[in-house]
Amino acid sequence: GHNLERENIYILHLSFLKDGNPNCLMTTRMKHLECEDNLPRDLIREILLRLPVRLLLQLKIVCRSWNSLISSPEFANHQLQRSMLTQPPPLLCWKVPKRAGDVMHCSSQSLILDRQHQPTTFGSHPADGKVIWGSCNGLLCLLQGYPFDTLTLLNPSTRSVSPSVPFECSHKCGKLVFFGFGYDILHDQYKFVMGCRGSSLITDSKVRSGAIVFTFGANPFWKTVDHPVFPYDIHGTSNGIFVSGTLNWIVYDPTISTSYEFEWFLLTFDLETELFGRLRLPVTRSRYDLSEMPPLQLHNNCLSVCYPTPHKPIICTLWIMKEHGVESSWTKLLAIPFDVGISPYVSVASLYISQDHNLLALNQSDGNFFVYNLRQNQLVSRVPYEHFGACIFLCQESLVSPSHYCGLKTIQV
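Here's a quick rundown of the structure. Every value quoted in this text rests on a predicted model; they were computed, and no experiment measured them. The residue numbers shown here count from 1 along each chain, following its written sequence. Predicted model: local features are reported for residues with pLDDT of at least 70 only, side-chain atom pairs are reported and counted for 80 or more only, and whole-chain, interface and lining totals are derived from all residues. As a rule here, side-chain values come from all non-hydrogen atoms in the structure, and water together with hydrogens is ignored.

### Observations concerning the overall build of the protein chain
Okay, so step 1: Helix and strand content of the protein chain: seven helices and 26 strands.
Okay, so step 2: Residue contacts are counted whenever heavy atoms from the two residues lie within 4.5 Å of one another. A separation threshold of at least 6 residues defines the contact pool for the protein chain, and within that pool the share at least 24 residues apart is 53%. Helix and strand definitions follow DSSP, with helices as H or I runs of at least four residues and strands as E runs of at least two, each counted in order from the N terminus.

What follows is the structure, encoded as C-alpha coordinates:
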(Lines give C-alpha, C1' and ligand atoms only; values in the text may rest on other atoms or scores of the structure.)
Protein backbone atom coordinates (compact mmCIF):
# COMPACT_ATOMS: atom_id res chain seq x y z
CA GLY A 1 0.00 0.00 0.00
CA HIS A 2 2.77 2.45 0.88
CA ASN A 3 4.62 1.67 -2.36
CA LEU A 4 1.47 2.29 -4.39
CA GLU A 5 0.86 5.56 -2.54
CA ARG A 6 4.40 6.76 -3.26
CA GLU A 7 3.97 5.74 -6.90
CA ASN A 8 0.78 7.78 -7.18
CA ILE A 9 2.52 10.87 -5.74
CA TYR A 10 5.48 10.33 -8.05
CA ILE A 11 3.26 10.05 -11.12
CA LEU A 12 1.28 13.14 -10.17
CA HIS A 13 4.55 15.01 -9.63
CA LEU A 14 5.87 13.94 -13.03
CA SER A 15 2.56 14.88 -14.64
CA PHE A 16 2.79 18.35 -13.12
CA LEU A 17 6.40 18.86 -14.29
CA LYS A 18 5.59 17.69 -17.79
CA ASP A 19 2.88 20.36 -18.04
CA GLY A 20 0.34 18.37 -19.97
CA ASN A 21 2.65 16.26 -22.12
CA PRO A 22 2.95 12.82 -20.46
CA ASN A 23 4.73 10.22 -22.58
CA CYS A 24 3.04 7.05 -23.68
CA LEU A 25 4.80 4.90 -21.09
CA MET A 26 3.56 7.05 -18.24
CA THR A 27 0.03 7.14 -19.62
CA THR A 28 0.00 3.35 -20.02
CA ARG A 29 1.34 2.87 -16.50
CA MET A 30 -1.34 5.12 -15.05
CA LYS A 31 -4.07 3.13 -16.72
CA HIS A 32 -3.17 0.11 -14.61
CA LEU A 33 -3.07 1.92 -11.29
CA GLU A 34 -5.83 1.37 -8.79
CA CYS A 35 -5.62 4.74 -7.08
CA GLU A 36 -8.86 4.80 -5.12
CA ASP A 37 -8.55 5.30 -1.36
CA ASN A 38 -4.72 5.41 -1.41
CA LEU A 39 -4.40 9.17 -1.04
CA PRO A 40 -6.67 11.62 0.73
CA ARG A 41 -9.23 12.89 -1.73
CA ASP A 42 -8.54 16.48 -0.77
CA LEU A 43 -4.83 16.05 -1.53
CA ILE A 44 -5.56 14.48 -4.92
CA ARG A 45 -7.97 17.31 -5.69
CA GLU A 46 -5.42 19.99 -4.81
CA ILE A 47 -2.76 18.36 -6.98
CA LEU A 48 -5.11 17.88 -9.93
CA LEU A 49 -6.24 21.50 -9.77
CA ARG A 50 -2.68 22.53 -10.60
CA LEU A 51 -2.59 20.58 -13.86
CA PRO A 52 -3.52 21.91 -17.31
CA VAL A 53 -6.85 21.01 -18.88
CA ARG A 54 -5.33 18.83 -21.59
CA LEU A 55 -3.66 16.60 -19.00
CA LEU A 56 -6.75 16.49 -16.79
CA LEU A 57 -8.75 15.09 -19.69
CA GLN A 58 -6.20 12.29 -20.02
CA LEU A 59 -6.14 11.61 -16.27
CA LYS A 60 -9.88 10.88 -16.24
CA ILE A 61 -9.07 7.34 -17.40
CA VAL A 62 -6.81 6.58 -14.39
CA CYS A 63 -9.66 5.38 -12.17
CA ARG A 64 -13.34 5.87 -11.46
CA SER A 65 -12.83 8.30 -8.59
CA TRP A 66 -10.58 10.58 -10.66
CA ASN A 67 -13.03 10.51 -13.53
CA SER A 68 -15.87 11.41 -11.19
CA LEU A 69 -13.86 14.21 -9.57
CA ILE A 70 -12.58 15.80 -12.80
CA SER A 71 -16.01 15.52 -14.45
CA SER A 72 -17.86 17.27 -11.63
CA PRO A 73 -19.14 20.85 -12.11
CA GLU A 74 -17.61 21.82 -8.75
CA PHE A 75 -14.13 20.76 -9.88
CA ALA A 76 -14.61 22.58 -13.21
CA ASN A 77 -15.50 25.79 -11.36
CA HIS A 78 -12.53 25.52 -9.01
CA GLN A 79 -10.18 24.81 -11.92
CA LEU A 80 -11.57 27.85 -13.72
CA GLN A 81 -11.05 30.09 -10.69
CA ARG A 82 -7.47 28.90 -10.32
CA SER A 83 -6.69 29.46 -13.99
CA MET A 84 -7.92 33.05 -13.65
CA LEU A 85 -5.21 33.58 -11.05
CA THR A 86 -2.40 31.79 -12.88
CA GLN A 87 -3.32 33.12 -16.35
CA PRO A 88 -2.26 30.20 -18.61
CA PRO A 89 -1.89 30.98 -22.34
CA PRO A 90 -5.35 31.26 -23.95
CA LEU A 91 -6.60 29.60 -27.08
CA LEU A 92 -7.21 31.76 -30.15
CA CYS A 93 -10.53 30.85 -31.79
CA TRP A 94 -12.21 32.10 -34.94
CA LYS A 95 -14.72 31.26 -37.64
CA VAL A 96 -14.20 32.45 -41.20
CA PRO A 97 -17.19 34.71 -41.99
CA LYS A 98 -19.59 34.02 -44.85
CA ARG A 99 -18.01 30.63 -45.50
CA ALA A 100 -19.01 27.08 -44.70
CA GLY A 101 -16.56 25.48 -42.34
CA ASP A 102 -15.48 24.83 -38.80
CA VAL A 103 -14.57 26.77 -35.71
CA MET A 104 -10.77 26.90 -35.70
CA HIS A 105 -8.44 27.26 -32.74
CA CYS A 106 -4.76 27.27 -31.92
CA SER A 107 -2.61 27.77 -28.84
CA SER A 108 -1.26 31.28 -28.27
CA GLN A 109 1.84 29.68 -26.77
CA SER A 110 2.47 27.72 -29.97
CA LEU A 111 2.47 30.95 -31.98
CA ILE A 112 4.95 32.56 -29.59
CA LEU A 113 7.29 29.55 -29.79
CA ASP A 114 6.97 29.29 -33.58
CA ARG A 115 10.22 31.11 -34.36
CA GLN A 116 10.78 29.39 -37.73
CA HIS A 117 7.47 30.46 -39.26
CA GLN A 118 6.38 26.84 -39.59
CA PRO A 119 2.65 26.11 -40.02
CA THR A 120 0.85 25.82 -36.71
CA THR A 121 -1.39 22.84 -36.02
CA PHE A 122 -4.98 23.97 -35.73
CA GLY A 123 -7.94 22.07 -34.34
CA SER A 124 -11.42 22.41 -35.80
CA HIS A 125 -14.99 21.83 -34.66
CA PRO A 126 -18.01 21.39 -36.98
CA ALA A 127 -19.97 24.62 -37.21
CA ASP A 128 -21.48 25.01 -40.66
CA GLY A 129 -23.85 27.95 -40.72
CA LYS A 130 -22.76 29.13 -37.25
CA VAL A 131 -20.83 32.25 -36.25
CA ILE A 132 -18.95 32.98 -33.00
CA TRP A 133 -20.44 35.92 -31.12
CA GLY A 134 -18.81 35.68 -27.72
CA SER A 135 -16.29 33.97 -25.43
CA CYS A 136 -16.43 33.50 -21.67
CA ASN A 137 -14.93 31.03 -19.14
CA GLY A 138 -13.74 28.65 -21.84
CA LEU A 139 -17.08 28.61 -23.69
CA LEU A 140 -17.83 30.01 -27.14
CA CYS A 141 -21.33 31.22 -28.00
CA LEU A 142 -22.37 30.30 -31.55
CA LEU A 143 -25.32 31.76 -33.42
CA GLN A 144 -26.98 30.24 -36.44
CA GLY A 145 -29.18 31.88 -39.06
CA TYR A 146 -30.14 35.48 -39.69
CA PRO A 147 -32.42 36.59 -38.15
CA PHE A 148 -31.00 34.30 -35.50
CA ASP A 149 -32.61 30.90 -35.04
CA THR A 150 -30.49 29.13 -32.45
CA LEU A 151 -27.66 29.55 -29.96
CA THR A 152 -25.10 26.88 -29.10
CA LEU A 153 -22.34 26.70 -26.50
CA LEU A 154 -19.03 25.07 -27.43
CA ASN A 155 -16.03 24.23 -25.25
CA PRO A 156 -13.10 23.88 -27.70
CA SER A 157 -10.80 22.46 -24.98
CA THR A 158 -13.02 19.46 -24.20
CA ARG A 159 -14.53 19.33 -27.71
CA SER A 160 -18.02 19.28 -26.20
CA VAL A 161 -20.98 21.23 -27.50
CA SER A 162 -24.48 21.76 -26.19
CA PRO A 163 -27.56 21.06 -28.27
CA SER A 164 -28.84 24.22 -29.93
CA VAL A 165 -31.45 26.21 -28.06
CA PRO A 166 -34.00 28.43 -29.80
CA PHE A 167 -33.47 32.17 -29.92
CA GLU A 168 -37.11 33.12 -30.00
CA CYS A 169 -36.85 36.79 -30.74
CA SER A 170 -37.29 38.77 -33.93
CA HIS A 171 -35.97 42.29 -34.38
CA LYS A 172 -36.04 45.05 -36.98
CA CYS A 173 -32.52 46.40 -36.69
CA GLY A 174 -31.25 44.45 -39.65
CA LYS A 175 -27.50 44.18 -39.34
CA LEU A 176 -27.23 47.18 -37.01
CA VAL A 177 -26.82 45.08 -33.89
CA PHE A 178 -24.16 44.50 -31.26
CA PHE A 179 -23.62 41.39 -29.15
CA GLY A 180 -22.07 40.05 -25.99
CA PHE A 181 -21.80 36.78 -24.09
CA GLY A 182 -20.92 36.55 -20.41
CA TYR A 183 -21.47 34.99 -17.02
CA ASP A 184 -23.69 36.20 -14.17
CA ILE A 185 -21.88 34.80 -11.13
CA LEU A 186 -24.63 35.79 -8.69
CA HIS A 187 -27.27 33.67 -10.41
CA ASP A 188 -24.84 31.14 -11.97
CA GLN A 189 -26.19 31.87 -15.45
CA TYR A 190 -24.68 32.53 -18.85
CA LYS A 191 -26.34 35.33 -20.79
CA PHE A 192 -26.30 36.53 -24.38
CA VAL A 193 -27.02 40.23 -24.95
CA MET A 194 -28.09 41.87 -28.20
CA GLY A 195 -28.76 45.56 -28.73
CA CYS A 196 -29.42 47.88 -31.62
CA ARG A 197 -26.55 50.07 -32.78
CA GLY A 198 -27.54 53.71 -32.80
CA SER A 199 -30.69 52.68 -30.97
CA SER A 200 -31.26 56.15 -29.54
CA LEU A 201 -31.71 57.46 -33.07
CA ILE A 202 -34.06 54.73 -34.29
CA THR A 203 -37.79 55.22 -33.80
CA ASP A 204 -39.34 52.34 -35.73
CA SER A 205 -37.47 49.40 -34.20
CA LYS A 206 -38.91 46.91 -31.79
CA VAL A 207 -35.81 47.22 -29.63
CA ARG A 208 -35.52 51.01 -29.79
CA SER A 209 -36.09 51.31 -26.04
CA GLY A 210 -34.29 48.18 -24.92
CA ALA A 211 -31.73 45.49 -25.47
CA ILE A 212 -32.45 41.77 -25.50
CA VAL A 213 -31.01 39.45 -22.85
CA PHE A 214 -31.12 35.71 -23.52
CA THR A 215 -30.51 33.54 -20.43
CA PHE A 216 -29.24 29.98 -20.85
CA GLY A 217 -30.62 27.28 -18.57
CA ALA A 218 -32.90 24.27 -18.33
CA ASN A 219 -35.69 26.64 -19.38
CA PRO A 220 -33.98 29.28 -21.52
CA PHE A 221 -35.74 32.62 -21.79
CA TRP A 222 -35.22 36.12 -23.15
CA LYS A 223 -36.44 39.51 -22.08
CA THR A 224 -36.05 43.18 -22.99
CA VAL A 225 -34.14 45.58 -20.75
CA ASP A 226 -33.86 49.37 -20.94
CA HIS A 227 -31.23 51.09 -23.02
CA PRO A 228 -29.16 53.86 -21.42
CA VAL A 229 -30.46 57.41 -21.69
CA PHE A 230 -27.27 58.68 -23.36
CA PRO A 231 -26.86 58.35 -27.16
CA TYR A 232 -24.21 56.05 -28.56
CA ASP A 233 -23.25 54.12 -31.66
CA ILE A 234 -20.67 51.46 -32.43
CA HIS A 235 -18.02 51.64 -35.11
CA GLY A 236 -16.03 48.52 -35.88
CA THR A 237 -16.48 45.21 -34.07
CA SER A 238 -19.84 44.53 -32.45
CA ASN A 239 -18.55 41.90 -30.03
CA GLY A 240 -18.56 42.77 -26.35
CA ILE A 241 -15.58 41.89 -24.11
CA PHE A 242 -16.50 40.09 -20.88
CA VAL A 243 -14.66 41.00 -17.68
CA SER A 244 -15.61 41.26 -13.99
CA GLY A 245 -19.25 40.35 -14.60
CA THR A 246 -19.74 42.98 -17.32
CA LEU A 247 -19.80 43.23 -21.10
CA ASN A 248 -17.93 46.14 -22.69
CA TRP A 249 -17.93 47.85 -26.10
CA ILE A 250 -16.11 50.90 -27.46
CA VAL A 251 -18.74 53.35 -28.72
CA TYR A 252 -19.13 57.03 -29.61
CA ASP A 253 -21.77 59.75 -29.41
CA PRO A 254 -23.24 60.16 -32.94
CA THR A 255 -25.10 63.39 -32.08
CA ILE A 256 -21.98 65.53 -31.64
CA SER A 257 -21.27 67.44 -34.82
CA THR A 258 -18.13 69.34 -33.81
CA SER A 259 -15.14 67.28 -34.85
CA TYR A 260 -12.88 68.09 -31.93
CA GLU A 261 -15.55 67.32 -29.33
CA PHE A 262 -15.93 63.76 -30.51
CA GLU A 263 -14.90 61.11 -27.94
CA TRP A 264 -14.83 57.35 -27.69
CA PHE A 265 -16.09 55.83 -24.46
CA LEU A 266 -16.91 52.41 -23.01
CA LEU A 267 -20.48 51.17 -23.05
CA THR A 268 -20.85 48.64 -20.22
CA PHE A 269 -23.56 46.14 -19.31
CA ASP A 270 -23.69 44.58 -15.83
CA LEU A 271 -24.93 41.00 -16.23
CA GLU A 272 -26.06 40.80 -12.60
CA THR A 273 -28.14 44.01 -12.48
CA GLU A 274 -28.79 44.07 -16.26
CA LEU A 275 -28.07 47.80 -16.38
CA PHE A 276 -26.04 49.80 -18.92
CA GLY A 277 -23.37 52.33 -18.01
CA ARG A 278 -20.48 54.26 -19.47
CA LEU A 279 -16.79 54.69 -18.65
CA ARG A 280 -14.08 56.99 -19.96
CA LEU A 281 -11.19 55.66 -22.01
CA PRO A 282 -7.62 56.67 -21.11
CA VAL A 283 -7.06 58.82 -24.21
CA THR A 284 -9.53 61.08 -26.04
CA ARG A 285 -9.74 60.68 -29.81
CA SER A 286 -11.13 63.15 -32.31
CA ARG A 287 -13.66 62.42 -35.03
CA TYR A 288 -10.83 62.33 -37.56
CA ASP A 289 -9.69 59.10 -35.92
CA LEU A 290 -12.97 57.31 -36.64
CA SER A 291 -11.24 54.82 -38.92
CA GLU A 292 -8.64 54.12 -36.25
CA MET A 293 -10.86 52.99 -33.42
CA PRO A 294 -8.57 51.35 -30.82
CA PRO A 295 -9.21 47.60 -30.47
CA LEU A 296 -10.67 46.52 -27.13
CA GLN A 297 -9.17 43.29 -25.75
CA LEU A 298 -8.60 41.42 -22.51
CA HIS A 299 -5.21 41.23 -20.80
CA ASN A 300 -4.79 39.26 -17.55
CA ASN A 301 -8.49 39.71 -16.73
CA CYS A 302 -8.21 43.46 -17.36
CA LEU A 303 -9.66 45.48 -20.21
CA SER A 304 -6.97 46.70 -22.58
CA VAL A 305 -6.99 49.19 -25.44
CA CYS A 306 -4.18 49.71 -27.96
CA TYR A 307 -3.91 53.18 -29.53
CA PRO A 308 -2.17 53.62 -32.88
CA THR A 309 0.05 56.71 -32.98
CA PRO A 310 1.21 57.33 -36.56
CA HIS A 311 3.75 60.08 -37.35
CA LYS A 312 5.22 59.83 -33.85
CA PRO A 313 8.23 58.00 -32.32
CA ILE A 314 5.81 55.38 -30.97
CA ILE A 315 3.83 52.99 -33.21
CA CYS A 316 1.24 52.19 -30.56
CA THR A 317 0.62 52.29 -26.81
CA LEU A 318 -1.22 49.65 -24.78
CA TRP A 319 -3.33 50.68 -21.79
CA ILE A 320 -5.05 48.45 -19.24
CA MET A 321 -7.79 49.17 -16.71
CA LYS A 322 -6.35 47.55 -13.57
CA GLU A 323 -9.63 47.77 -11.65
CA HIS A 324 -12.74 47.49 -13.78
CA GLY A 325 -15.11 50.41 -13.33
CA VAL A 326 -12.42 52.68 -11.87
CA GLU A 327 -11.49 55.18 -14.58
CA SER A 328 -8.42 56.38 -12.67
CA SER A 329 -6.95 52.86 -12.83
CA TRP A 330 -6.14 53.14 -16.56
CA THR A 331 -2.38 52.50 -16.80
CA LYS A 332 -0.04 52.60 -19.79
CA LEU A 333 1.49 49.15 -19.91
CA LEU A 334 3.81 49.35 -22.91
CA ALA A 335 4.74 51.30 -26.02
CA ILE A 336 6.20 49.90 -29.24
CA PRO A 337 8.72 52.29 -30.83
CA PHE A 338 9.58 52.83 -34.48
CA ASP A 339 12.50 51.02 -36.11
CA VAL A 340 11.70 47.57 -34.77
CA GLY A 341 10.65 45.98 -38.05
CA ILE A 342 6.93 46.74 -37.70
CA SER A 343 5.17 49.08 -40.10
CA PRO A 344 4.27 52.39 -38.41
CA TYR A 345 0.85 52.42 -40.06
CA VAL A 346 -0.76 49.55 -38.19
CA SER A 347 -3.73 48.78 -36.02
CA VAL A 348 -2.48 46.44 -33.29
CA ALA A 349 -4.64 44.10 -31.22
CA SER A 350 -2.71 42.83 -28.21
CA LEU A 351 -3.59 39.18 -27.52
CA TYR A 352 -1.28 37.79 -24.84
CA ILE A 353 1.94 38.55 -22.96
CA SER A 354 3.92 35.48 -21.89
CA GLN A 355 5.92 35.12 -18.69
CA ASP A 356 9.13 35.64 -20.67
CA HIS A 357 7.84 39.07 -21.77
CA ASN A 358 6.87 38.16 -25.33
CA LEU A 359 3.87 40.06 -26.67
CA LEU A 360 1.66 38.16 -29.11
CA ALA A 361 -0.35 40.62 -31.19
CA LEU A 362 -2.34 40.77 -34.40
CA ASN A 363 -1.51 43.38 -36.99
CA GLN A 364 -5.02 44.17 -38.16
CA SER A 365 -3.64 46.14 -41.11
CA ASP A 366 -2.14 43.13 -42.88
CA GLY A 367 -3.71 40.27 -40.92
CA ASN A 368 -0.48 38.75 -39.57
CA PHE A 369 0.47 37.77 -36.04
CA PHE A 370 3.73 39.06 -34.66
CA VAL A 371 5.75 38.39 -31.51
CA TYR A 372 7.54 41.33 -29.90
CA ASN A 373 9.90 40.98 -26.92
CA LEU A 374 9.19 43.78 -24.46
CA ARG A 375 12.50 43.57 -22.60
CA GLN A 376 14.72 43.49 -25.67
CA ASN A 377 12.48 45.89 -27.64
CA GLN A 378 12.74 43.83 -30.77
CA LEU A 379 10.55 41.92 -33.18
CA VAL A 380 10.96 38.18 -32.58
CA SER A 381 8.89 36.66 -35.38
CA ARG A 382 5.94 37.02 -37.70
CA VAL A 383 3.34 34.31 -38.19
CA PRO A 384 1.01 34.51 -41.23
CA TYR A 385 -2.70 34.44 -40.48
CA GLU A 386 -4.53 32.90 -43.43
CA HIS A 387 -8.03 34.10 -42.55
CA PHE A 388 -7.71 37.87 -42.71
CA GLY A 389 -10.96 39.50 -41.65
CA ALA A 390 -12.10 36.75 -39.29
CA CYS A 391 -12.63 38.03 -35.75
CA ILE A 392 -10.36 36.31 -33.20
CA PHE A 393 -11.72 35.39 -29.77
CA LEU A 394 -9.53 34.65 -26.77
CA CYS A 395 -10.73 31.51 -25.00
CA GLN A 396 -9.18 30.20 -21.80
CA GLU A 397 -8.92 26.44 -21.47
CA SER A 398 -11.48 25.11 -19.00
CA LEU A 399 -13.55 22.07 -18.07
CA VAL A 400 -16.84 23.96 -17.95
CA SER A 401 -19.56 21.84 -19.52
CA PRO A 402 -21.72 23.63 -22.12
CA SER A 403 -24.69 21.41 -21.31
CA HIS A 404 -24.60 22.22 -17.60
CA TYR A 405 -26.09 25.59 -18.46
CA CYS A 406 -28.52 24.36 -21.11
CA GLY A 407 -30.15 21.52 -19.19
CA LEU A 408 -29.42 19.15 -22.05
CA LYS A 409 -26.88 16.42 -22.75
CA THR A 410 -23.47 17.43 -24.04
CA ILE A 411 -22.45 16.22 -27.49
CA GLN A 412 -18.81 15.28 -28.21
CA VAL A 413 -17.52 16.52 -31.58
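### A short note on the pattern of salt bridges
Okay, so step 1: Just to be clear on terms, a salt bridge is a Lys or Arg side-chain nitrogen sitting within 4 Å of an Asp or Glu carboxyl oxygen. Here the structure, examined in full by the defined rule, presents seven salt bridges.
Okay, so step 2: Residue Glu46 pairs with Arg45 through a salt bridge whose shortest N-O separation is 2.6 Å.
Okay, so step 3: Of the residues examined, Glu46 reaches a relative accessible area of 33% and is grouped as partly exposed.
Okay, so step 4: Residue Glu327 pairs with Arg280 through a salt bridge whose shortest N-O separation is 3.1 Å. Of this pair, Glu327 sits in the loop between β19 (314–321) and β20 (330–337) while Arg280 sits in strand β16 (residues 275–280); the two residues are 47 residues apart in sequence, bridging distant segments of the chain.
Okay, so step 5: Partly exposed residues are those whose accessible area sits between 20% and 50% of the maximum for their type, while under 20% is buried and over 50% is exposed, using a 1.4 Å probe and protein chains only. The class for Glu327 is partly exposed, based on a relative accessible area of 26%.

### Some points on the environment of Leu359
Okay, so step 1: Positionally, Leu359 belongs in strand β22 (residues 358–363).
Okay, so step 2: Residue Leu359 is classed as buried on the basis of its relative accessible area of 2%.
Okay, so step 3: Each C-alpha atom of the pair Leu359 and Phe370 lies 8.1 Å from the other, and the pair is eleven residues apart in sequence.
Okay, so step 4: When residues no more than four places from it in sequence are discounted, the contact partners of Leu359 are Leu334, Ile336, Ser350, Tyr352, Ile353, Phe370, Val371, Tyr372 and Leu374.

### Observations regarding helix α5 (residues 64–71)
Okay, so step 1: Taken together, the buried positions of α5 are Trp66, Leu69 and Ile70. Buried residues along α5 cover an arc of 90° about the axis, so they all sit on one side. Directions drawn from the helix axis to the C-beta atoms are what define this arc.

### Focus: unusual backbone geometry
Okay, so step 1: A positive phi angle, close to 60°, is found at Arg159, a residue other than glycine.
Okay, so step 2: Looking at where Arg159 falls in the secondary structure, it is placed in the loop between β6 (150–155) and β7 (160–161).
Okay, so step 3: When its relative accessible area of 33% is taken as the criterion, Arg159 is described as partly exposed.
Okay, so step 4: With a phi close to 50°, Ser244 is a non-glycine residue in the positive phi region.
Okay, so step 5: If you trace the backbone, Ser244 turns up in the loop between β13 (241–243) and β14 (246–252).

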